[in-house]
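Inside the fold
Spelled out from the first residue to the last, the chains are:
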Amino acid sequence: MAPQELILSACSSETTAIAPGRSTSAPAIHLHDLLSASSVQPFKTSVSSAQSVSHVQTRADAGGAIYAVQEGKAIVHVWAWQKDQMHLKLHLPEKLSCFKVSPDGCWAAGGSPTGHIYLWEISSGLLHASFTAHYRTVTTLTFSADSRVLVTSSMDSSVHVYLVSRLVDPEGDVQKPYGTLNDHTLGIRDVSVSKTSSALGGRCLTASDDGTVKLWSLSAPFDLLSTFTFPPGVVPCVLALEPSERYFYVGTTGGDVYHVPLFKRRGELGGANSDIEAIGGGGQGAPPTKVEGAVISYKSPITALALSLSSSHLLVGTQSADIHIHSLPSHQHLRTISSHAGPITHLSCLLRPPDLVGSTTTKHDAWPAPEIKPLERMRMGRTARDVQEVTMTLRPTPASTLDALRGPRSNQLASSSSSVALPGDDQLAELLAENKRLRSSLDRATKINDKMWNGIVDSHLLPKQDQPNGHV
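This structure is a prediction, so every number in the text was calculated from the model and none was measured.

The next subject is unusual backbone geometry. Residue Ala220 is joined to Pro221 through a cis peptide bond whose omega torsion reads 10°. Summarising the element assignment, Pro221 is placed in the loop between strand E18 (212–217) and strand E19 (224–229). The step from Leu328 to Pro329 runs through a cis peptide bond, and the omega angle for that step is 10°. Within the fold, Pro329 resides in the loop between strand E29 (323–327) and strand E30 (333–337). One non-glycine residue, Ala37, lies in positive phi territory at about 65°. In this fold, Ala37 is placed in the loop between strand E2 (28–33) and strand E3 (39–44). The phi dihedral of Ser147 falls on the positive side, at around 65°, and the residue is not glycine. Using a relative accessible area of 3% as the deciding quantity, one classes Ser147 as buried.

A few words on the side chain of Ser112. Here Ser112 lies in the loop between strand E9 (107–111) and strand E10 (116–121). On the basis of relative accessible area, Ser112 is assigned to the buried category, the value being 0%. A polar contact of 2.8 Å, which involves the side chain of Ser112, links it to the side chain of Thr114. Residues within four places of Ser112 in sequence aside, it is in contact with Glu94, Lys95, Leu96, Ser97, Thr137 and Val138.

The next subject is the packing of aromatic side chains. Applying the stated criterion to the full structure yields eight aromatic pairs. Centre to centre, the rings of Phe43 and Trp81 are 6.1 Å apart; their planes meet at 70°, and the pair counts as edge-to-face. Within this pair, whereas Phe43 is found in strand E3, its partner Trp81 is found in the loop between strand E6 (75–80) and strand E7 (88–91), the two being separated by 38 residues in sequence. By the burial criterion, Phe43 is buried, and Trp81 matches it. Each ring, one from Tyr247 and one from Tyr249, has its centre 5.7 Å from the other, and the planes form 85°; the classification is edge-to-face. Since its relative accessible area comes to 12%, Tyr247 is described here as buried. Taken together, the ring pairs in this structure connect Phe43, Trp79 and Trp81 into an aromatic cluster.

Spatial ordering of the open sheet is given by E3-E2-E1-E31, a layout of four strands whose pairing is antiparallel. The sheet is open, and its two edges are formed by E3 and strand E31 (344–351), each paired on a single side. When strand polarity is set aside, the average angle formed by the axes of neighbouring strands in this sheet is 20°. With four bridges connecting them, strand E1 (residues 5–11) and E2 associate as antiparallel partners. Opposite Ile7, over in E2, you have His32 as the bridge partner.

Along the chain, the position of Thr253 falls in the loop between strand E21 (247–252) and strand E22 (256–261). Judged by relative accessible area, Thr253 falls into the partly exposed class, the value being 33%. The spatial distance from the C-alpha of Thr253 to the C-alpha of Cys237 is 6.4 Å, given a sequence separation of 16 residues. With sequence-adjacent residues up to four places away left out, Thr253 is seen in contact with Arg189, Val235, Cys237 and Pro301.

This next bit is on the pattern of salt bridges. Taken as a whole, this structure holds six salt bridges when the rule is applied. Lys214 serves as the salt-bridge partner of Asp183, at 2.9 Å between the closest nitrogen and oxygen. Linking Asp183 in the loop between strand E15 (179–181) and strand E16 (188–193) with Lys214 in strand E18, this pair joins segments that are 31 residues apart in sequence. In this structure, Arg437 engages Glu434 in a salt bridge whose closest nitrogen and oxygen atoms are separated by 2.4 Å. A residue pair is termed a helical-turn pair when its members lie 3 or 4 positions apart in one helix, as Arg437 and Glu434 do in helix H5 (residues 425–461) at three residues. The class for Glu434 is partly exposed, based on a relative accessible area of 35%.

So, about the UniProt feature "repeat: WD" (unreviewed entry) in the protein chain. With numbering aligned to this structure, UniProt lists the feature "repeat: WD" (unreviewed entry) at residues 131–162 and 181–219. Measuring from the first to the last C-alpha atom of residues 131–162 gives 12 Å, for a span that is 0% helix and 56% strand. Within the segment residues 181–219, helix and strand shares are 0% and 49% respectively, and the terminal C-alpha atoms sit 11 Å apart.

Among the five residues of E29, five are classified as buried, and the element is accordingly described as predominantly covered. Neither face of E29 is left uncovered, since the one carrying Ile323, Ile325 and Ser327 and the one carrying His324 and His326 both have all their residues buried. Bridge count between strand E28 (residues 313–318) and E29: five bridges; the pairing is antiparallel. Each bridged residue has a counterpart across the sheet, and for Val316 the counterpart in E29 is His324. Where E28 folds back on E29, the antiparallel hairpin that results is connected by four residues, among which Ala321 adopts a positive phi of roughly 75°. Adjacent in sequence and paired antiparallel, E29 and E30 are bridged by five residues, among which His331 carries a positive phi angle near 65°.

About the thresholds
Residues numbered from 1 in each chain as written. Predicted model: local features only at pLDDT ≥ 70, side-chain atom pairs only at ≥ 80, totals over all residues. Heavy atoms only, no water. Helix = DSSP H or I, 4+ residues; strand = E, 2+ residues; numbered from the N terminus. Buried < 20%, exposed > 50% of the residue type's maximum accessible area, 1.4 Å probe, protein only. Polar contact = N/O pair within 3.5 Å; in protein donor to acceptor, adjacent residues only side chain to side chain. Contact = heavy atoms within 4.5 Å. Phe/Tyr/Trp six-rings, centres within 6.5 Å; stacked < 30°, edge-to-face > 60°. Pairing = 2+ DSSP bridges. Axes fitted to C-alpha atoms, helices over the stretch in contact; angles between N-to-C directions. Salt bridge = Lys/Arg side-chain N within 4 Å of Asp/Glu carboxyl O. UniProt positions renumbered as here; feature names shortened; annotations may be inferred.

Below you can see the structure in the form of structure tokens.
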């Protein structure tokens, strides 16, 4: 059976841009099938602002989950894939403007309207870092693919890069970022980090109210690679970077979607166009690349963008609560999803979790629910942190796995030993009597050995006149 690709979407509670005749169902997080747009599973009830929803895929040792900060509240709702009911609620220190869970499910980061950053360990609930990173609202939090780098952005026009290892180090200076991306003049709306990014480097895109999108290197010294400008009055607000970094899409507040290639064919004399060259790359001071001509246009502002896992479809979420699916590279409109009652605030694609509620082909017991502890509201001292307990689920190894590791001889011996009958009461009594007889024989032999040893020692160490029996 081919894997099924799903669309994960969420909405906010705003209804000003919704059509009057539209049905207003309870707001929820929805899973839809990418190809048919049919509903797969709703997770009720949830209303979330932009940059406030994250999900963790099911792994070999634990099930996955959805995390959603509730709009206007200092609460995170958590759903496990195995249940359609809420798994638990996590209370936060304050109302957050953005929230992100790392891809490996180990860390949760939160940003506040005052520029404060929080970093928790999910399995223990420990607050490892709490500091002021920006002086205005934190707009986005983004982890690298290996969960070792955290990128923060703010309305103060700055983007900071932090190493998670430094943030969790009690002796480190957490307030000093590993790097800073400074070239925008207005607030940052969105950040997109490449799928190949890691602690060793990578690339990221930033979209700003100054009407530009900039491409940066995530390797020190964090150089500016390219700048892309848009027509006057166009404000980029959401980004979608293709996994192989060949192009990216930009959604704007005016309802337009722009396609921006990062490579082009190099024109040569004689009509040969086989060579490929990068667009831009001149760095700071180089002339910007102008982007013109929207490929998709809607009457409602674009609030979310996402590419399918194979980059064959583009998902466009609008403020009018619609999700539009377009085919790539033709940009032909295929279908529209209208399950939400508010502006779309989150879009992402994922493979159907094997432990998703309603699945009949797998057993949910094979994936235990994720271990999530209540999040600390304030950072504890070292003494209190040292006594914290982290729960780990130790799962029994299936017998089939052990049989595969054993050789044929081991399997034969194991099967033959299992066929031996256990002793009865009479045989057990005989074994106990034999054990008692052998122990008494061992005691007699030990005494004889000690007597012989003492005699030999006395004969060599004592003077001749003091030896027993008076022998000269």
